[in-house]
There are 4 protein chains.
Amino acid sequence: MHAEDLPPDALRQRADYYQRIGSRHMTPLWEVLGALVPPHPRSPAAPHLWRYAELREQVLEAGRLISAEEAERRVLILENPALRGQSCITQSLYAGLQLILPGEVAPAHRHTQSALRLVLDGEGAYSAVDGERTTMRRGDFIITPSWTWHDHGNLGDQPVVWLDGLDIPIVRFLDAGFAERSEQRSQAPLRPEGDALARYGANMLPLDYQPRPMDPTRVFVYPFERTKAALVGISSGTPDAHHGFKLRYVNPATGASPMPTTGAFAQRLPAGFETKPVRCTDGTVHVCLEGEGEVRVGDRTWRFQESDVFVVPSWHALQLRADRDAVLFSFSDRPVQQALGLWREERQ
Amino acid sequence: MHAEDLPPDALRQRADYYQRIGSRHMTPLWEVLGALVPPHPRSPAAPHLWRYAELREQVLEAGRLISAEEAERRVLILENPALRGQSCITQSLYAGLQLILPGEVAPAHRHTQSALRLVLDGEGAYSAVDGERTTMRRGDFIITPSWTWHDHGNLGDQPVVWLDGLDIPIVRFLDAGFAERSEQRSQAPLRPEGDALARYGANMLPLDYQPRPMDPTRVFVYPFERTKAALVGISSGTPDAHHGFKLRYVNPATGASPMPTTGAFAQRLPAGFETKPVRCTDGTVHVCLEGEGEVRVGDRTWRFQESDVFVVPSWHALQLRADRDAVLFSFSDRPVQQALGLWREERQ
Amino acid sequence: MHAEDLPPDALRQRADYYQRIGSRHMTPLWEVLGALVPPHPRSPAAPHLWRYAELREQVLEAGRLISAEEAERRVLILENPALRGQSCITQSLYAGLQLILPGEVAPAHRHTQSALRLVLDGEGAYSAVDGERTTMRRGDFIITPSWTWHDHGNLGDQPVVWLDGLDIPIVRFLDAGFAERSEQRSQAPLRPEGDALARYGANMLPLDYQPRPMDPTRVFVYPFERTKAALVGISSGTPDAHHGFKLRYVNPATGASPMPTTGAFAQRLPAGFETKPVRCTDGTVHVCLEGEGEVRVGDRTWRFQESDVFVVPSWHALQLRADRDAVLFSFSDRPVQQALGLWREERQ
Amino acid sequence: MHAEDLPPDALRQRADYYQRIGSRHMTPLWEVLGALVPPHPRSPAAPHLWRYAELREQVLEAGRLISAEEAERRVLILENPALRGQSCITQSLYAGLQLILPGEVAPAHRHTQSALRLVLDGEGAYSAVDGERTTMRRGDFIITPSWTWHDHGNLGDQPVVWLDGLDIPIVRFLDAGFAERSEQRSQAPLRPEGDALARYGANMLPLDYQPRPMDPTRVFVYPFERTKAALVGISSGTPDAHHGFKLRYVNPATGASPMPTTGAFAQRLPAGFETKPVRCTDGTVHVCLEGEGEVRVGDRTWRFQESDVFVVPSWHALQLRADRDAVLFSFSDRPVQQALGLWREERQ
């Protein structure tokens, strides 16, 4: 029997009852069960594509309005159009575009939130993580795991722009966030550039290093040069019908995702290749690093080209077509869902 | 420089800019950074205690207003007083009180959400999980892992009440929920009662059973009789200053929590014992199974007695005192936080 | 070309060469390749059955010839008939029968080697492991993990006999053995009997206990009473054609074998049930705890009855038939082979 | 009381008894306990160094005596001087020098035993593993995990020599060896050279690849060029007093050793650097890839130079001194000992 079929007396009786128990901080499950336990995901997030041409213009204007120092981090948050005011691009992830101008420093701090950077534009900046700097080059995937000190600086003569991806909504949802500022504006380098990659990223590990399964990687940079070479190296065979040539970034000390809250992927689609529709429960942010093409998300379609950013919410079918050889970077909360036994994918 | 110290022109310029980028689904991080990345957790949830005497009265009234069949699950959700309308007791967890009357059936369904039951009141009901029934006795901790078929029934002559704990907010946050109803109202038993406990819960396992790390336990009932015996069995030594005698329920095939999203604990406090303050990042729901005493959460204090339920939000200091020998059950999202490297505890 | 077909000159030339390189500690692989890399296992061990009636008589005679104190451990090693002089029952495992007489003590020591005990005969003895005693009852499976202090004593008035199983050959093969004697003849009890089982063996674990994957269990006794109840509890269905009703003992904090070098199993065969032939690469020692029947190993056949011990070498087909309801205990190096990716089983 | 202090009658009585029980395949533990459970490892293996100059001369002579085809594998086994006739360099490991002449093929087979190759001399050969070839270059570390098809060939015009390391004694000890020959003499390439390294060795992994903890790596070649770069890359700091700059090769999909039975290491010692003595329970085979110096093992001392091979038995103190910048490769059964909780190291 649906509630609307109840006699008016019964309805009134229930309403009275709901009010009485409401004052004691109780509420009836049966009025909301369908919404709480839906038959399949109905994400409140919307698909969207941000053109880099516009993003760049706006973020450069931010550079004229506020300094990196004043802003602490001069970032434009990409807010999901259906989740305005929540500082998120999907329910669980944050994305933003960060600008650092020649001579500027984004001062050292650390926080529970894990961050990734994907370098989009300009040369001469560095990112420093726990005492080691790495030069930021287009396409480089750089991470600052939870509670690592980090700062950024621009030693060159061009504006440098990158995409930030953070798990801010996850940490907020779990009420587990801590943060502190460093007394050092920039961290003093403790090790030369390249040390972490040599030590942890050459299919070898230090003798006594025994990471726990959820430890993030000490490899904090995945240079695009290597990623591109790997994508080309696996391209002799047939592309996967749903994913083309796609690899996931890993912590080479565990095989898990680089950071426990965020998975990241690199994907190559040969010119003319079109993927079959696939949907999965991890809402995903994509960035085009090379090439151009078309993306369909549910019933929306966009052209994409270099540095455009688009978001595919949970359980929305995704199809990609490359018009020129394309390389895409993407990230999502997939490792969280997999750790919790929740992740599903449907290849159509 | 604080924004309020800016000259009016600059303020206006920024406001214009914010509006312009807002229309393109961007927003400035620097206006919200402090809130997004707080120095320590500031949970929006509030501490609260629900007296079982009142809960019981209300849930029995629900029994007169609606049938189990109509309700599908006749449950009063315990809503956190500071999070009304969100169907949650902490940001990540749901709790409710379920009633099943003699002769009733809560029909078979399954969903991505994981559930736990803690039996509080009455005899004669059973819970069935994937084809095996277990008789529900006070204090029994029963689980229905993600995507397992389950139904409940009352073969006795008393109302039976239990506490439900689910990860509904987690699955909602991750947009990963699926559900379906069974064509069977009650599952036909495939195995006799006790089979799972014999097969998976006697410090032995089937020859060929190789669970993955995040698989939930096949032991779907932890009888209170055994839990009590274990708590008494470890009580010869000195109680831990912050926790008394406390054990965590585990999946004995992996050592992990029984279900990947929810940790559960049993705790014994001898009469007269008072714990030192401790705070942790996992907001926790407690139920008193035996004894009585006092609980302090932050600056709030309550007396607690049998079957009372109270919630301690993240990073709120908790202190417990037993006036009579007390046994407490509790649950939280600790395994999620630990899997993500986020969990912290501070023993004061 | 086979070596025997070579012309005499070539043979002589090779022989000379072999001698020359032999003096430099080199030898030709091609003369031994077939033996080093056989097409399938050809164990040098032989199947054998020791009747308990004889074992008991001999071990009691040992009790008259030497004291437990003088012997340190008064044990008759069961030597594989095809591996005499090597103190082993398979190439990798040691088994022996230990006797402790009323009033005697087997003094405290510890060693790298892991040991298991299966109690066969008599009452009143205890085994102490790292400060906790357990009373030894027929069928109890008791372990002393690597490097744990242990001693045994007999407080009763009967001779007590048990089977010891150790990984002595494994530790010897790996050159990794350490040992030391305690200054205490018997360990002073640090915890009451039953503490470990309550703390680690009730499908719960201490709050802060985080074992590594290869850590042995802290549950050092698996009482036969529980094992029997579990075997009966799973017997409602159809027995496995090759194994009957069979469970493996596990470390309930990890799901792995109780100790990393040794797997142990309990098995129930209903009266009249006969298993189909099965062979596996782990040579296995069996003990009959209840019932009687017939065992076939390759082309050998024996009757077995209570407390008889028999060994099945690697890759020998095993068939069991119970004439009365039978319970068998068994142990092998299976976890070693599984950890190394070497274990195979063939169900025929 | 020592046996030698017993009265003659008692001695005789015991001897009679030992003979009687011996005929029933029993033997007294107390006569051998000290040997079975030693206070610390007393390896029967001896330290030894083989000069490459001699090895090369002998293996080239083997090339004149027998073809690769006839030999199946033309290898000179390096036999530990104290373990002659056992085809092993330590109790658990096999090492040999393999030669393949221009135009020859070592035909395709597979076996349970895992193998590693360290290329020492010559150019133009390849090793093929499960359908992918890799060109063998000096210093390359190449593996053929358990049960992978493999063959080798020499397409160049020089003799090519490498060191083989296998776990033959481990598999023999566990009675777990299987082998078969392929019908193909050489495997047909299924993938282009470099595919595995791109797919599994670039700090990325295929989307759906989920290895189990003991799975060997799909990266079957660790090019020396990368190893050398990593060793140089970590050399900015202070060398470890006992190990210099030392890394362990890993499976970048798990962080474990490349193969479950064998650990492998690369080590750089700057000119003039001398390590402090260290001993460990894993007997280890070393090869000098660059430089020269002196090695002390227990009370033995040797000069070493390029391609010399030396073995350090369990629990023998090792000291190394580089007279020129040295790079050493080494391998041992360390992952076996670690998986079993047996490995110990003592830094002096």
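Residue indices follow the written sequence of each chain, beginning from 1 at its first position. Here the convention is simple: chains get letters from A, ligands get numbers from 1, in the order in which they are written. Given that this is a predicted model, residues contribute local features only at a pLDDT of at least 70 and side-chain atom pairs are listed and counted only at 80 or more, while totals for whole chains, interfaces and linings are drawn from all residues. Each side-chain value is worked out from all heavy atoms of the structure, with water and hydrogens disregarded.

Draft legend 1. Broad picture of unusual backbone geometry. Located in the positive-phi region is A:Asn203, a residue other than glycine, with phi close to 60 degrees. Helix and strand definitions follow DSSP, with helices as H or I runs of at least four residues and strands as E runs of at least two, each counted in order from the N terminus. The residue A:Asn203 is located in the loop between helix 6 (195-200) and strand 13 (204-206) in this model. A 1.4 Å probe rolled over the protein chains alone gives each residue an accessible area, and that area as a share of the maximum for its type sets the label: buried under 20%, exposed over 50%, partly exposed in between. A:Asn203 gets classed as buried once you look at its relative accessible area, which sits at 4%. Unlike most non-glycine residues, C:Ser87 shows phi in positive territory, near 55 degrees. Of note, C:Ser87 is situated in the loop between strand 3 (75-78) and strand 4 (94-100). For C:Ser87, a relative accessible area of 5% corresponds to the buried category.

Draft legend 2. Representation of the interface of chain B and chain A within the structure. Each partner contributes to the interface: chain B provides 82 residues, whereas chain A provides 82 residues. Computed with a 1.4 Å rolling probe, the buried area is the accessible surface lost when two parts are put together, summed over both parts. For chain B, the biggest contributors to the area lost against chain A are B:His25, B:Phe173 and B:Phe178; these three give 10% of the whole. Salt bridge, as used here, is a side-chain nitrogen of Lys or Arg placed within 4 Å of a carboxyl oxygen of Asp or Glu. Inspection of the region where chain B meets chain A yields six salt bridges. Think of a polar contact as two N or O atoms within 3.5 Å of one another; within protein, one of them needs to be a possible hydrogen donor and the other a possible acceptor, and neighboring residues in sequence only count if both atoms come from side chains. In this structure, the connection of chain B to chain A is made through 40 residue pairs in polar contact (both at pLDDT 80 or more). Ranked by the residues each element gives to the side of chain B that touches chain A, the list is headed by helix 3 (residues 52-65) of chain B, at seven residues. Lys, Arg, Asp and Glu make up the charged group, whereas Ala, Val, Leu, Ile, Met, Phe, Trp, Tyr, Cys and Pro make up the nonpolar group; the residues left over, Gly among them, are polar. Tallied by class, residues from the side of chain B that touches chain A come to 45 nonpolar, 22 polar and 15 charged. Whether two strands pair comes down to DSSP finding at least two bridges between them. Where strand 3 (residues 75-78) of chain A and strand 1 (residues 26-28) of chain B come together, three bridges link them in antiparallel fashion. Bridge pairing links A:Ile77 to B:Thr27 in strand 1 of chain B. Two residues form a contact once any of their heavy atoms are found within 4.5 Å.

Draft legend 3. Fine view of the arrangement of the chains. A gap remains between chain A and chain C, with no contact made and the closest C-alpha atoms lying 10 Å from each other. At the C-alpha level, the nearest point of chain B lies 10 Å from chain D, with no contact between them.

Draft legend 4. A look at the interface of chain C and chain D. Counting from both sides, the interface comprises 82 residues of chain C and, opposite them, 82 residues of chain D. Taken over both partners, the interface formed by chain C and chain D buries close to 7600 Å², and the fraction arising from carbon and sulfur atoms is 63%. There are six salt bridges connecting chain C and chain D. Taking the shortest distance from any N to any O, the salt bridge between C:Arg24 and D:Glu54 comes out at 3.4 Å. If you look at where chain C meets chain D, you find 40 residue pairs in polar contact (both at pLDDT 80 or more).

Draft legend 5. Summary view of the packing of helix 1 (residues 8-22) of chain C against helix 3 (residues 52-65) of chain D. At a minimum axis distance of 11 Å, the contact between helix 1 of chain C and helix 3 of chain D shows a crossing angle of 165 degrees. Compared by their axis directions, helix 1 of chain C and helix 3 of chain D come out roughly antiparallel. Every pair of crossing elements has a handedness; the one defined by helix 1 of chain C and helix 3 of chain D is left-handed. Residues C:Gln13, C:Arg14, C:Tyr17, C:Arg20 and C:Ile21 of helix 1 of chain C pack against D:Gln58, D:Val59, D:Glu61, D:Ala62 and D:Leu65 of helix 3 of chain D. A per-class count over the contact of helix 1 of chain C with helix 3 of chain D returns five nonpolar, two polar and three charged. Lines are fitted to the C-alpha atoms to define the axes, a helix being fitted only along its stretch in contact, and any angle between axes, read from their N-to-C directions, falls within 0 to 180 degrees. When describing relative orientation, an angle under 35 degrees is termed roughly parallel and one over 145 degrees roughly antiparallel, while 65 to 115 degrees is termed roughly perpendicular and anything else oblique. Should the near helix be turned counterclockwise from the far one by less than a right angle, the crossing is left-handed, whereas a clockwise turn marks it as right-handed.

Draft legend 6. Quick peek at helix 7 (residues 224-233) of chain D. Every buried residue of helix 7 of chain D is listed here: D:Phe224, D:Thr227, D:Ala230 and D:Leu231. One side of helix 7 of chain D holds all its buried residues, which, seen down the axis, span an arc of 125 degrees. Think of the arc as the fan of directions from the helix axis to the C-beta atoms.

Draft legend 7. Seen up close, the relation of the copies chain B and chain A. Laying chain B over chain A is done by rotating through 180 degrees and shifting 0.0 Å along the axis; what remains is an RMSD of 0.0 Å. One copy is carried onto the other by what is essentially a two-fold rotation axis. The C-alpha atom lying nearest the rotation axis in chain B is that of B:Ala339; the distance is 3.6 Å. Most of the interface of chain B is mirrored in chain A, where 100% of its interface residues are also at the interface. We superpose the copies by least squares over the C-alpha atoms of residues that have a pLDDT of at least 70 in both of them.

Draft legend 8. A look at the relation of the copies chain C and chain D. Expressed as a screw transformation, the operator carrying chain C onto chain D has a rotation angle of 180 degrees and an axial translation of 0.0 Å, and the superposed copies differ by an RMSD of 0.0 Å. Taken together, the interface assignments show that 100% of the residues at the interface of chain C recur at the interface of chain D, consistent with an identical surface on both copies.

Draft legend 9. Representation of the sheet that holds strand 4 (residues 94-100) of chain D. Taken in spatial order, the seven strands line up as 1(C)-3(D)-4(D)-11(D)-6(D)-9(D)-14(D) in an open sheet, and their pairing is antiparallel. Two strands in the sheet have a free side with no partner beyond their single neighbour: strand 1 (26-28) of chain C together with strand 14 (221-222) of chain D. Taken together, the four bridges between strand 6 (residues 115-121) of chain D and strand 9 (residues 141-144) of chain D define a ladder with antiparallel strand orientation. Pairing of D:Leu116 across the sheet is with D:Ile143, part of strand 9 of chain D. Sitting on the sheet, helix 1 of chain C touches strand 1 of chain C together with strand 3 (75-78) of chain D, and the angle it makes with strand 1 of chain C is about 150 degrees. Strands in contact with helix 3 of chain D are strand 1 of chain C together with strand 3, strand 4, strand 6 and strand 11 (160-166) of chain D; relative to strand 4 of chain D, the strand with the most contacts, it is inclined by about 55 degrees.

Draft legend 10. Layout of the side chain of D:Asp282. Residues and elements named next belong to chain D. In this fold, Asp282 is placed in the loop between strand 17 (278-280) and strand 18 (284-297). There is a polar contact of 2.7 Å between the side chain of Asp282 and the side chain of Trp343. Contact partners of Asp282, with chain neighbours within four places excluded, come to Val312, Ser332, Asp333, Arg334, Gln337 and Trp343.

Draft legend 11. Inspection of the pairing of strand 18 (residues 284-297) of chain A at higher detail. Residue and element names in this part refer to chain A. Within strand 18, eleven of the 14 residues are buried, which leaves it mostly tucked inside the rest of the structure. Across twelve bridges, the pairing between strand 18 and strand 21 (residues 318-332) is antiparallel. Bridge pairing in strand 21 links Val287 to Phe329. Across five bridges, the pairing between strand 18 and strand 19 (residues 300-304) is antiparallel. Across the sheet, Glu294 pairs through a bridge with Arg303, a residue of strand 19. If you look at the hairpin formed by strand 18 and strand 19, you'll find two residues sitting between the two strands, and Gly298 has a positive phi there, around 60 degrees.

Draft legend 12. How the structure looks around helix 1 (residues 8-22) of chain D. Helix length check: helix 1 of chain D, at 15 residues, gives a terminal C-alpha distance of 21 Å against a target of 21 Å (1.5 Å per residue), a fit within 8%. For helix 1 of chain D, the full list of buried residues reads D:Ala10, D:Arg14, D:Tyr17, D:Tyr18, D:Ile21 and D:Gly22. Summarising the axial view, the buried residues of helix 1 of chain D lie within an arc of 130 degrees, below the 170-degree limit, and thus occupy one face. Opposite the buried face of helix 1 of chain D, at more than 90 degrees from it, the exposed residues are D:Pro8, D:Asp9 and D:Gln19. Contacts made by the buried residues of helix 1 of chain D are with helix 3 (52-65), helix 4 (68-71) and strand 3 of chain C together with strand 1 (26-28) of chain D. In a helix, the anticipated span is given by 1.5 Å times the number of residues less one.

Draft legend 13. Inspection of the nonpolar core at higher detail. All names here are of chain D. If you look at the biggest cluster of nonpolar residues, it comprises 69 residues, and the most contacted ones within it are Phe141, Leu163, Phe329 and Phe331. Looking at this core element by element, the count peaks at five residues for helix 3. In contact with Phe329, not counting residues within four places along its chain, are Leu116, Leu118, Phe141, Tyr249, Ala264, Phe265, Val285, His286, Val287 and Leu289. Throughout this description, the term nonpolar core refers to a set of buried Ala, Val, Leu, Ile, Met, Phe, Trp, Tyr and Cys residues connected via side-chain atoms within 4.5 Å.

Draft legend 14. The sheet that holds strand 6 (residues 115-121) of chain A, seen in detail. Pairing within the open sheet is antiparallel, and its seven strands lie in the order 14(A)-9(A)-6(A)-11(A)-4(A)-3(A)-1(B). Each having just a single partner strand, strand 14 (221-222) of chain A together with strand 1 of chain B make up the two edges of the open sheet. Sheet analysis places strand 3 of chain A next to strand 4 (residues 94-100) of chain A, joined by three bridges and oriented antiparallel. Along strand 4 of chain A, the bridge assignment pairs A:Val75 with A:Gln98. In the packing of helix 3 (residues 52-65) of chain A onto the sheet, contacts are made with strand 3, strand 4, strand 6 and strand 11 (160-166) of chain A together with strand 1 of chain B, and the angle to strand 4 of chain A comes to roughly 55 degrees.

Draft legend 15. Region of interest: the packing of aromatic side chains. Only the six-membered ring of Trp is used, alongside the rings of Phe and Tyr, when aromatic pairs are assigned; centres must lie within 6.5 Å, and planes under 30 degrees apart are stacked while those over 60 apart are edge-to-face, with the rest tilted. The full count for this structure, using the stated rule, is 46 aromatic pairs over all chains. Their ring planes at 55 degrees and their centres at 6.3 Å tell us that C:Tyr18 and C:Trp30 sit as a pair that is tilted. Of the two residues, C:Tyr18 sits in helix 1 while C:Trp30 sits in the loop between strand 1 and helix 2 (33-36), which places them twelve residues apart along the sequence. The pair C:Tyr18 / C:Trp30 is uniform in exposure class, with both members buried. By the ring-pair criterion, three or more aromatic residues cluster together here, those being A:Phe141, A:Tyr222, A:Tyr249, A:Phe329 and A:Phe331.

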